[in-house]
Amino acid sequence: MYPHLQAIGPAAFGENLSTLGLDERQVCIGDRFRWGDALIEVSQPRSPCSNLDRRHDARGLARQLAKSGRTGWLYRTLEPGAVRPGADLHLIDRPCPTASVLRVWRGSMNEDISDTELTWLADLSPLASEYRTRFRQRLDSRRRQQDQGALF
């Protein structure tokens, strides 16, 4: 779709940490990794923005990535520490094995997800508060609309 984009290497999308063999279907919100001496936790899907389009001179690239679910994810630092170049990333805990980054991303993009799924996402404690708040607001808005509909 974007023939002028050659093989895109690490940091092409502005990421600070690139990995091989991990993707949004496998990585879960709340996953904790030991990286050198640091402990990091997956906190949310990354939201592709139009900066990608400009950086790569590829109009619609961010939209295409968002549609595909290939968004990447963000980590929060739980324990800072030294990380040497080439340090391995070791998964040490997966408290939410059904909370893949892809599932959360699709939930954020799909207006038709069930109330049960919205509730689950809003209550997903390792998920960044910004996402949980958005899911809670959507659920509250639906309930208000249902209540108003019941009045008429």
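Up top you'll find the structure we're talking about.
This write-up is about the structure you can find in this document. Not measured: the values here are computed from a predicted model.

## A closer look at the overall build of the chain
Broken down by element type, the chain carries five helices and four strands. By element, 49% of the accessible surface of the chain is carried by carbon and sulfur atoms, the whole surface being about 9,600 Å².

## Here's the deal with the packing of aromatic side chains
The geometry of an aromatic ring pair is captured by the separation of the ring centres together with the interplanar angle, meaning the angle of the planes. Within the structure shown, the criterion is met by two aromatic pairs. Both rings, one in Phe 33 and one in Tyr 75, keep their centres 6.0 Å apart while their planes meet at 85°; by these two values the pair is edge-to-face. Taken as a pair, Phe 33 in strand S1 (residues 32–35) and Tyr 75 in strand S3 (residues 73–79) lie far apart in primary sequence, 42 residues in all. Exposure remark for Phe 33: the relative accessible area of 4% places this residue in the buried category.

## Considering the state of the cysteines
Linking two cysteines covalently via their sulfur atoms produces the bond known as a disulfide. If you walk through the whole model with that rule in mind, you get zero disulfides. The cysteine Cys 96 is free of any disulfide, with Cys 28 supplying the nearest cysteine sulfur at 7.9 Å. Of the residues examined, Cys 96 reaches a relative accessible area of 14% and is grouped as buried.

## So, the sheet that holds strand S4 (residues 89–93)
Within a sheet, each strand pairs with its neighbour through backbone hydrogen bonds, oriented either parallel or antiparallel. As summarised here, the arrangement of the four strands in space is S3-S2-S1-S4, forming an open sheet in which the pairing is antiparallel. Only two strands of the sheet have a single neighbouring strand rather than two, namely S3 and S4. Recorded for the sheet is a direction-independent mean angle of 40° between the axes of neighbouring strands. Alignment of S1 against strand S2 (residues 38–45), held across four bridges, turns out to be antiparallel. Bridge pairing in S2 links Trp 35 to Ala 38.

## With respect to the pattern of salt bridges
In the structure shown here, the tally under the stated rule is 10 salt bridges. Its salt-bridge partner being Arg 34, residue Glu 79 comes within 3.1 Å of it at the nearest N-O pair. Note that Glu 79 is positioned in strand S3 and Arg 34 in strand S1, a separation of 45 residues in sequence. For Arg 34, a relative accessible area of 26% gives the class partly exposed. The residue Arg 136 makes a salt bridge to Asp 123 at a minimum N-O spacing of 2.8 Å. Taken as a pair, Arg 136 in helix H5 (residues 129–151) and Asp 123 in the loop between helix H4 (115–122) and H5 lie far apart in primary sequence, 13 residues in all. Look at Arg 136 and you get partly exposed, because its relative accessible area is 27%. Taken together, the shared-partner salt bridges in this structure form one network comprising Arg 32, Glu 41 and Arg 76.

Thresholds applied
Counting from 1, residues in each chain are numbered in the order their sequence is written. Local features in this predicted model are restricted to residues of pLDDT 70 or higher, and side-chain atom pairs are both shown and tallied only at a pLDDT of 80 or more, whereas totals for entire chains, interfaces and linings draw on every residue. Excluded from the side-chain calculation are hydrogens and water; included are all heavy atoms of the structure. Helix and strand assignments come from DSSP, with helices taken as H or I runs of at least 4 residues and strands as E runs of at least 2, each series counted from the N terminus. To be clear on the numbers: accessible area is Shrake-Rupley with a 1.4 Å probe, and residue cover counts the displayed protein chains and nothing else. Between 30 and 60 degrees the pair is tilted, below 30 it is stacked and above 60 it is edge-to-face, where a pair is any two Phe, Tyr or Trp rings, Trp via its six-membered ring, whose centres lie within 6.5 Å. Only protein chains enter the accessibility calculation, which uses a 1.4 Å probe. A residue is then buried if its area is under 20% of the maximum for its type, exposed if over 50%, and partly exposed in between. We call a pair of cysteine sulfur atoms a disulfide when they lie within 2.5 Å. Each pair of strands is called paired provided DSSP finds at least two bridges between the two strands. Interaxial angles span 0 to 180 degrees and are taken between N-to-C directions of axes, which are lines fitted to C-alpha atoms, for helices over the stretch in contact. Just to be clear on terms, a salt bridge is a Lys or Arg side-chain nitrogen sitting within 4 Å of an Asp or Glu carboxyl oxygen.

By themselves, these are just geometric observations and shouldn't be taken as functional.
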